[in-house]
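In case you want the letters, here they are:
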Amino acid sequence: MNQQPQSTLDLAALFEQHQHGLLGLALRITGDFALAEDALQETFLCAHAGARSFRGEARPGTWLYRIAVRESLRVRSRARRVTSLNQAISRVSAYQKAEHSPMDRLAWVETTWELLRALESLPEDQRLALVLLSTRELTAEDVGAMFGIAAGTVYTRAFRARLKLRSMLRGANTLDSEVES
């Protein structure tokens, strides 16, 4: 295997390269901005603590994403709650660019909130496959290696998750349009 000594594992560079992707991953897993931030912080604390044991069997980014998945699941299970829409709006507002109109921000928040609720309702194995593949930084082989499954199984789980999400979100849009009529 490809051995990488701890001295060449540049955690600062890894953080810089992956922080936004890891935050997005944590958000999709936890369904909560504050929990995602906590999971990101825990990820880097664990990476720092475990850097000496990094054996180089996986790419450093894959190793970091695996830690992020574990910490996001841990933070989510510890919290066992979902934020209210008001909390989500205030958190998202801080991340939005100033040039967006208030109505655009609200529409984005409502869409994001709907998607997060739909993601949360998926079976965990499907949600993780979809979320990890959607980062576009990990391959199905990387994700499969994380969980000890074949790449084809990762694709199947992600495909099933997309079908369920599409069905749920279309159903929500149908209900919204019926209420407006």
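Above this text is the structure in question.
Residues numbered from 1 in each chain as written. Predicted model: local features only at pLDDT ≥ 70, side-chain atom pairs only at ≥ 80, totals over all residues. Heavy atoms only, no water.

Draft legend 1. Region of the structure containing the pattern of salt bridges. Applying the stated rule across the entire model yields seven salt bridges. The salt bridge partner of Arg74 is Glu71, with a shortest N-O separation of 2.8 Å. Here Glu71 and Arg74 lie together in helix α3 (residues 60-79), a separation of three residues that amounts to about one turn. Under the relative-accessibility criterion, Arg74 is labelled partly exposed at 31%. The salt bridge involving Glu124 is made with Arg127; its shortest N-O contact spans 3.6 Å. Taken as a pair, Glu124 and Arg127 lie in helix α6 (residues 124-134) at a separation of three residues, close to a single helical turn. Residue class for Glu124 comes out partly exposed when judged on its relative accessible area of 37%. Taken together, the shared-partner salt bridges in this structure form one network comprising Glu42, Arg70, Glu71 and Arg74. (Salt bridge = Lys/Arg side-chain N within 4 Å of Asp/Glu carboxyl O. Helix = DSSP H or I, 4+ residues; strand = E, 2+ residues; numbered from the N terminus. Buried < 20%, exposed > 50% of the residue type's maximum accessible area, 1.4 Å probe, protein only.)

Geometric descriptors of this kind do not, in isolation, establish any biological role.
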